[in-house]
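Residue-level listing of the chains:
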Amino acid sequence: MAKYFPEIRGKIKYEGADSKNPLAFKYYNPRKKVGRKTMEQHLKFAVAYWHTFKGTGADPFGGGVYDRPWDHASSPMEQAENTLDAAFEFISKMGIKYYCFHDRDIAPEGATIKETNKNLKKIINKAEKLQKETGVKLLWGTANLFSHPRYTNGAATNPDPRVFAQAASQVKRAIDATVQLGGTGYVFWGGREGYVSLINTNMKQELDQLAQMLHMAVDYAKRAGFKGKFFIEPKPKEPSTHQYDVDAGTVLGFLTKYDLLDDFALNIEANHATLAGHSFQHDLQVASDAGMLGSLDINRGDPTLGWDTDQFPTDIYDAVWAMYIIQQQGGLKYGGLNFDAKVRRSSFDTVDLFHSHIGGMDTFAKGLLIADKMIKDKALSQPMAERYAGFKRGMGKKIMKNELTLTQLEKMAIEQGEPPMLSGRQEELENILNSYIFG
Ligand code: XUL
Ligand code: CO
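Each chain has its residues counted from 1, following the order in which its sequence is written. For naming, the first written chain is A and the first written ligand is 1, with later ones following in the order written. It should be noted that, the model being predicted, local features are given only for residues of pLDDT at least 70 and side-chain atom pairs only at 80 or more, the latter also being counted only at that level, while totals for whole chains, interfaces and linings use all residues. In computing side-chain properties, one takes all heavy atoms of the structure into account and sets aside hydrogens as well as water.

## Notes on the coordination of the cobalt ion (ligand 2)
Inference 1: Each metal site lists N, O and S donors within 2.8 Å (3.2 Å for Na, K and Ca). With water left out of the atoms, a site can look as if it is missing ligands. Protein ligation of the cobalt ion (ligand 2) involves Glu233 (OE), Glu269 (OE), Asp297 (OD) and Asp340 (OD), the donor distances falling in the range 2.0 to 2.1 Å.
Inference 2: Only four donors with every angle between 85 and 135 degrees are called tetrahedral; only four or six donors with opposite donors over 155 degrees apart and all others between 65 and 115 are called square planar or octahedral, in that order; all others are irregular. Coordination at the cobalt ion (ligand 2) comes from 6 donor atoms whose angles at the metal span 81 to 172 degrees, giving a geometry best classed as octahedral.
Inference 3: Positions of the donor residues of the cobalt ion (ligand 2) along the chain correspond to the pattern E-x35-E-x27-D-x42-D. Of this pair, Glu233 sits in strand 10 (residues 229-233) while Asp340 sits in the loop between strand 14 (337-339) and helix 12 (350-376), and the two are 107 residues apart along the sequence. By definition, any uninterrupted DSSP run of H or I lasting at least four residues is a helix, any uninterrupted run of E lasting at least two residues is a strand, and each is numbered from the N terminus.

This is the structure we're talking about:
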């Protein structure tokens, strides 16, 4: 199985922080114990099929520049089979245990729905075989409901029910594929579920349609034997001007309104959170506080650009906060850390795919180690608990237990007089955080 990446002979190995080998892990040591679990169990990394194996380096100013050996084939199906072989070779050499795909990444669309389904089935059978051979697993599957021209005005939110039906067929088959491959998640990312102008958009109707599609997916998945979770992945813009799943808060409101909370969780992506004007930490915390943080798309944007650059994650602050929040909620039962990230247009060598994933894995491994130590030392949780301690006793406790009225509180406020000014100690806490990062 050394066909497409001959430059890497065995597996990428852990060599430790002092290693100068660019093709080795410095911090990601799969067997290292962190608390009760190994690093590999904590960090369920997944390779994103669409970026790593189907990415071409194309941008709005020019077409593809990567010349991938697995793309050289005489038919779309042969190309799909080659790509699958390349994918399992790469994932195995990286020592990664999971991958994620869209239906159309993995198998080409045919001339009719029947032909499309046949293509998908053939490739999914091959993927099942390769999973057995390599031990690599599916983290989540999804349907691409945004690339085909029929979805120009949306999929589930399309004003034409005939397009809704096409999307329904795709969702059904993508759920089948996810079940067959043992995926523990199924993602709905908004795609073109949004609007460009309100002049022709009935937002309420479109949101009702979207909720209807999700309810139908839940019903179907239960009958199809899906034991995992559905995830919604918020994003505020791109490709539409206003995406309905703006951010974690918006999606939580939508799931509550349409009675979908039980079957869904959120898949939070770093670059989507920043496009929404939040930090990654913010959207992760919103989701986690609601008991709804299911999975993560780990990448980063470029703060100087206003679009979804999907770069590999190298920001240690992002990684520390992500792992801090995940650890504090006791892990991710159904999800993991999916590299929804692509190498730059100018990084066209296949070896660049290794460097990018190694960097992301080391960043999150280091993030895990730092977060774990901070949690054990109560470095931030202790000052946080002290800051809110007033609400755990006396008057504060009574307020939260609904035992006091505004009138009673006014009386107490008059009696106690002006409260003292208490510093938030932000800089001191930032120094503490940095002392863990600096090591
Ligand atoms: C698009 C995006 C998607 C989803 C899966 O911005 O993030 O690739 O992760 O559909
Ligand atoms: Co994503």
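## So, the side chain of Ser240
Inference 1: Along the chain, Ser240 falls in the loop between strand 10 and strand 11 (242-243).
Inference 2: The exposure class assigned to Ser240 is buried, which follows from its relative accessible area of 8%.
Inference 3: Side-chain polar atoms of Ser240 contact the backbone oxygen of His242, separated by 3.1 Å.
Inference 4: The contact rule is simple, with two residues in contact once any of their heavy atoms fall within 4.5 Å. Setting aside its immediate chain neighbours within four residues, Ser240 contacts Gly194 and Tyr195. Only protein chains enter the accessibility calculation, which uses a 1.4 Å probe. A residue is then buried if its area is under 20% of the maximum for its type, exposed if over 50%, and partly exposed in between. Any pair of nitrogen or oxygen atoms within 3.5 Å is treated as a polar contact; in protein, a donor-acceptor pairing is required on top of that, and neighbouring residues in sequence qualify only through side-chain atoms on both sides.

## Quick notes on the site of ligand 1
Inference 1: Summary of the distance rule: residues count as near a molecule or strand when at least one heavy atom falls within 4 Å of that molecule or strand. By nearness alone, every residue bordering ligand 1 is listed as Trp50, His102, Trp189, Glu233, Lys235, Glu269, His272, Asp297, Asp308 and Asp340.
Inference 2: The contact in question runs from an oxygen atom of ligand 1 to an N or O atom on the side chain of Glu233, over 2.7 Å.
Inference 3: Taking Lys235, its side chain carries an N or O atom lying 3.0 Å from an oxygen atom of ligand 1.

## Quick look at the packing of helix 11 (residues 316-328) against helix 16 (residues 426-438)
Inference 1: At their nearest, the axes of helix 11 and helix 16 sit 12 Å apart, and the two run at 100 degrees to each other. For the element pair helix 11 / helix 16, the angle class is roughly perpendicular. Along the contact surface, helix 11 presents Ile316, Tyr317, Val320 and Trp321, while helix 16 presents Leu433, Asn434 and Ile437.
Inference 2: All residues other than Ala, Val, Leu, Ile, Met, Phe, Trp, Tyr, Cys, Pro, Asp, Glu, Lys and Arg, Gly among them, are scored as polar; the first ten of these are nonpolar and the last four charged. Residues of the contact of helix 11 with helix 16, tallied by class, amount to 6 nonpolar, 1 polar and no charged. Geometry is summarised by axes, namely lines fitted to C-alpha atoms with helices restricted to the contacting stretch, and by angles between N-to-C directions that run from 0 to 180 degrees. Roughly parallel means an angle under 35 degrees; roughly antiparallel, over 145; roughly perpendicular, 65 to 115; everything else is oblique.

## Remarks on the nonpolar core
The nonpolar side chains of a soluble globular protein tend to be buried, and buried together.
Inference 1: Leu43, Phe45, Tyr99, Ile106, Phe230, Leu266 and Leu296 are the most contacted members of the largest nonpolar core, which totals 108 residues.
Inference 2: Per-element accounting of this core gives the leading share, 10 residues, to helix 12.
Inference 3: What fixes the domain bounds is an automatic or database domain assignment. Among the domains, domain 1 (13-377) and domain 2 (388-438) are the pair contributing at least three residues each to this core.
Inference 4: The residues touching Leu296, leaving out its near neighbours within four places in the chain, are Asn267, Ile268, Phe280, Leu284, Ala322, Ile326, Leu332, Gly336, Leu337 and Asn338.
Inference 5: Residues Ala46, Leu139, Phe231 and Ala265 belong to the second largest nonpolar core, which totals 10 residues. Take the buried residues of types Ala, Val, Leu, Ile, Met, Phe, Trp, Tyr and Cys, join any two whose side-chain atoms come within 4.5 Å, and each joined set is a nonpolar core.

## Side note on the packing of aromatic side chains
Inference 1: Any pair of Phe, Tyr and Trp rings, taking the six-membered ring for Trp, is counted once the centres come within 6.5 Å. Such a pair is stacked with planes under 30 degrees apart, edge-to-face with planes over 60 apart, and tilted for the rest. Enumeration over the complete set of coordinates arrives at 26 aromatic pairs.
Inference 2: Seen from their ring centres, Tyr186 and Phe188 are 5.2 Å apart, and the 65 degrees between their planes marks the pair as edge-to-face. Accessibility classification places Tyr186 together with Phe188 in one group, the buried group.
Inference 3: Taken together through their ring pairs, the aromatic side chains of Tyr4, Phe5, Tyr49, Phe53, Trp70, Phe88, Phe90, Tyr99, Phe101 and Phe354 make up a single cluster.

## Quick word on the sheet that holds strand 14
The strands that make up a sheet are held in pairs by hydrogen bonds between backbone atoms, and each pair lies either parallel or antiparallel.
Inference 1: Here, any two strands with at least 2 DSSP bridges between them count as paired. Spatially, 5-6-7-8-10-12-13-14 is the arrangement adopted by the 8 strands of the closed barrel, whose pairing is parallel. Neighbouring strand axes in the sheet, compared pairwise and without regard to direction, differ in orientation by 30 degrees on average.
Inference 2: Here strand 10 runs beside strand 12 (residues 264-269); their pairing, made up of 3 bridges, is parallel. Bridge assignment links Phe230 to a residue of strand 12, and that residue is Phe264.

## Notes on the domain arrangement of the protein
Inference 1: According to the domain assignment, the protein contains domain 1 (13-377) and domain 2 (388-438).
Inference 2: Placing a centre on the C-alpha atoms of domain 1 and another on those of domain 2 gives a separation of 40 Å.
Inference 3: By salt bridge we mean one thing: a side-chain nitrogen of Lys or Arg within 4 Å of a carboxyl oxygen of Asp or Glu. On the surface where domain 1 and domain 2 come into contact, there are 0 salt bridges.
Inference 4: In this assembly, domain 1 and domain 2 are joined by 2 residue pairs in polar contact (both at pLDDT 80 or more).
Inference 5: Considering each element in turn, the side of domain 1 that touches domain 2 owes the most residues, 4 residues, to helix 11.

## Quick notes on the pattern of salt bridges
Inference 1: Scanning all chains against the criterion turns up 19 salt bridges.
Inference 2: A salt bridge links Glu109 to Arg104; the shortest N-O distance between them is 3.1 Å.
Inference 3: A relative accessible area of 18% places Arg104 in the buried class.
Inference 4: Ionic pairing is found between Asp377 and Lys373, a salt bridge with its closest N-O pair at 3.2 Å.

## A word on the packing of helix 12 against helix 16
Inference 1: At their nearest, the axes of helix 12 and helix 16 sit 9 Å apart, and the two run at 130 degrees to each other. When the interaxial angle is binned, helix 12 and helix 16 end up oblique. Here helix 12 runs over helix 16; the crossing is right-handed. Contact with helix 12, carried on its side by Ile370, Lys373 and Met374, involves Leu433, Tyr436 and Ile437 of helix 16 and no other residues of that element.
Inference 2: Taken together, the residues of the contact of helix 12 with helix 16 break down into 5 nonpolar, no polar and 1 charged. For a crossing to be left-handed, the near helix must be turned anticlockwise from the far one by less than a right angle; the clockwise case is right-handed.

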